[in-house]
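# Examining the three-dimensional arrangement
As a plain string of letters, each chain reads:
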Amino acid sequence: MRKARPHAGPDWGLWRSFLAVLRAGSLAGAARALHLAHPTLRRHLEALEAALGTPLFTRSSAGLVPTSAALALRPAAEAMEAAAARLLREASAAAEEAAGTVRITASEIVAVEVLPPLLAGLRARHPRLAFELVPSDATLDVLRRDADIAVRMARPASGGLIAQRLGAVPLGFFAHRRWLEAHGEPADLPALIEAGALIGPDRGDALPRALAAQGMALSREAFALRCDSDVSAFAALRAGIGAGICQVPLAARLPELRRVLPALGASLEMWLVTHPDLRAVPRVRVVLDALAEGLRCYLAGGGDRP
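Described in the following lines is the structure provided in the data block. (Residues numbered from 1 in each chain as written. Predicted model: local features only at pLDDT ≥ 70, side-chain atom pairs only at ≥ 80, totals over all residues. Heavy atoms only, no water.)

## A word on the overall build of the protein
Stated precisely, the cut-off is as follows: Strands are runs of DSSP state E lasting at least two residues, helices are runs of H or I lasting at least four, and both sets are numbered from the N terminus onward. Throughout, a contact is declared for two residues whenever any of their heavy atoms are within 4.5 Å. Exposure was quantified through the Shrake-Rupley algorithm and a 1.4 Å probe, taking into account, for residues, occlusion by the shown protein chains and nothing else.
Helices and strands together make up the secondary structure of the protein, namely 12 helices and 10 strands. Long-range pairs, those at least 24 residues apart, make up 75% of the contacts in the protein with a sequence separation of at least 6. Of the roughly 15900 Å² of accessible surface on the protein, a fraction of 54% belongs to carbon and sulfur atoms.

What follows is the structure, encoded as structure tokens:
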């Protein structure tokens, strides 16, 4: 007589469907997100509820509403999702070749404006590399392996990481030449504020704190255009809306941007961070070395441009 196999619990596919329904709020939306048939999603959900012995969703006019049990299970299911993604990344390359996927996180402005040319060069030299690029001003947990490599604009707080300081990113005030032709060179920072020309943060406090450390305390109301996306602020600067803080080496790439109030400025440190277990992995090592070289060149590219 065959012995019964021990019950291993619901497999990952059912939990993946559960998370998709949680996020989409409907079976149809989850089916589209996972590229599965609607009946398949329904069977997954029913199988998971049967295995757990509890309902996970109730129907309403607005769609599927998660029960308290579903909400309680969500953090563990998302941790399972992150672990599955890490397993795929680890398995995507052979042990001794620079191939496979490397997950990189950086601030929005660095991810959008600085990293793509460096990654293009890497791909040209190592065509079997693939990248997952996460633009985020939030700090992803490299110790938990939410990312393989992080480019950070401050010294890492955790001592359990491998971190190398690449240098300091100089910051200065810049304006588009069209704005300067129309309004003239500002005499000082109060003149920029009085002209209603300053671009800056909405609710973020990183830039105000950096400026305050340099003796430039600015209230939120000092900024005429306020947004917490550095990419949007940079677009506004290039559009000629006014003057704002910009990374000097980034502005150096655009001749239409001119530095104003050159005596004023600040700086942010740039660090390259990875998990100790990943430093010797060939694909991660290759990307780390290339980013370190490329970002140091970027930092040196600003010079003392007027």
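## Observations concerning the layout of surface pockets
Put simply, the rule is: For each structure, a 1 Å grid was placed over the protein atoms alone; sets of points admitting a 1.4 Å probe that cannot get out are labelled cavities, open sets with protein on both sides within 12 Å along at least five of seven lines are labelled pockets, and lining residues have an atom within 4 Å of a point. Grid points are joined across faces, edges and corners, and a volume is the space filled by probe spheres set on the points. The nonpolar class holds Ala, Val, Leu, Ile, Met, Phe, Trp, Tyr, Cys and Pro. Asp, Glu, Lys and Arg form the charged class, and all remaining residues, Gly among them, are polar.
Roughly 1000 Å³ of internal volume is contained in the largest pocket. At the level of secondary structure, the elements contributing two or more residues to the lining of the largest pocket comprise β3 (100-106), β5 (149-152), β7 (198-200), α9 (206-213), α10 (230-239) and β9 (243-247). In the lining of the largest pocket, the residues fall into 24 nonpolar, 9 polar and 7 charged.

## So, the nonpolar core
Most often, soluble globular proteins keep nonpolar side chains buried together rather than apart. Convention followed: Buried residues of nine kinds, namely Ala, Val, Leu, Ile, Met, Phe, Trp, Tyr and Cys, make up a nonpolar core once their side-chain atoms join them within 4.5 Å. Residue exposure (1.4 Å probe, protein chains only): buried if accessible area is under 20% of the type maximum, exposed if over 50%, otherwise partly exposed.
Ranked by internal contacts, the top residues of the largest apolar core, which has 43 residues, are Val 110, Ile 149, Met 270, Leu 272, Leu 291 and Leu 295. Here this core gets 10 residues from one element, more than from any other, and that element is helix α12 (residues 282-300). Setting aside its immediate chain neighbours within four residues, Ile 149 contacts Val 102, Arg 103, Ile 104, Thr 105, Leu 272, Val 273, Thr 274, Val 284, Val 287, Leu 288 and Leu 291. Phe 18, Leu 19, Ala 30 and Leu 34 belong to the second largest nonpolar core, which has 19 residues in total.

## Observations concerning the sheet that holds β3
Across a sheet, paired strands are connected by hydrogen bonds in the backbone, their directions being either parallel or antiparallel. Rule in force here: By this definition, two strands are paired if DSSP reports at least two bridges between them. Only C-alpha atoms enter the line fits that serve as axes; for helices the fit covers just the stretch in contact. Angles between N-to-C directions range over 0 to 180 degrees.
Spatially, 8 strands are ordered β4-β3-β5-β10-β6-β9-β7-β8 in an open sheet, and the strand pairing comes out mixed. Every interior strand has two partners, whereas the edge strands, β4 (129-135) and β8 (225-226), have only one. As paired elements, β3 and β4 share 7 bridges and run parallel to each other. Bridging across to β4, Val 102 finds its partner in Phe 131. Packed onto the sheet, helix α6 (residues 115-125) meets β3 and β4 and runs at close to 170 degrees relative to β4.

## Overview of the packing of aromatic side chains
Definition in use: By convention, a stacked pair of Phe, Tyr or Trp rings (six-membered ring in the case of Trp) has centres within 6.5 Å and planes under 30 degrees apart, an edge-to-face pair has planes over 60 apart, and any other such pair is tilted.
Within this structure, the stated rule accounts for 2 aromatic pairs. Where Phe 18 meets Phe 57, the ring centres are 6.0 Å apart and the plane angle is 55 degrees; that geometry is what we call tilted. In this pair, Phe 18 is assigned in helix α1 (residues 12-24) and Phe 57 in strand β1 (residues 57-60), connecting sequence segments 39 residues apart. With a relative accessible area of 10%, Phe 57 lands in the buried category. Through pairs of rings, three or more aromatic residues link up here, namely Trp 15, Phe 18 and Phe 57.

## Details of the pairing of strand β10 (residues 257-274)
Relative to β10, β5 runs antiparallel, the two being bridged by 4 bridges. Looking at the pairing, Arg 152 lines up with Trp 271 of β10. In terms of strand pairing, strand β6 (residues 162-176) meets β10 through 14 bridges, oriented antiparallel. Bridge pairing in β10 places Gly 172 opposite Gly 265.

## Some thoughts on the pattern of salt bridges
In plain terms, the rule: For this analysis, a salt bridge means a side-chain nitrogen from Lys or Arg found within 4 Å of a carboxyl oxygen belonging to Asp or Glu.
Going through the model one piece at a time under the given rule, you end up with 7 salt bridges. The partner of Arg 23 in a salt bridge is Glu 81, and the shortest N-O contact between them spans 2.7 Å. Within this pair, whereas Arg 23 is found in helix α1, its partner Glu 81 is found in helix α4 (residues 68-91), the two being separated by 58 residues in sequence. A relative accessible area of 27% means that Glu 81 is categorised as partly exposed. A salt bridge links Arg 103 to Glu 132; its shortest N-O distance comes to 2.9 Å. On the criterion of sequence distance, the pair formed by Arg 103 in strand β3 and Glu 132 in strand β4 is long-range, its members being 29 residues apart. According to the relative accessible area criterion, Arg 103 is partly exposed, its value standing at 23%. Several salt bridges converge on common partners, so that one network encompasses Arg 23, Arg 74, Glu 78 and Glu 81.

## Structural notes on the packing of α1 against helix α3 (residues 38-52)
Selection criterion: For classification purposes, an angle smaller than 35 degrees is called roughly parallel, one larger than 145 roughly antiparallel, one from 65 to 115 roughly perpendicular, and anything else oblique.
For the pair α1 and α3, interaxial distance at closest approach is 9 Å and the crossing angle is 110 degrees. The angle between α1 and α3 places the two elements in the roughly perpendicular class. Contact with α1, carried on its side by Gly 13, Leu 14, Trp 15, Ser 17, Phe 18 and Val 21, involves Leu 41, His 44, Leu 45, Ala 47, Leu 48 and Leu 52 of α3 and no other residues of that element. Partitioned by chemical class, the residues of the contact of α1 with α3 number 9 nonpolar, 3 polar and no charged.

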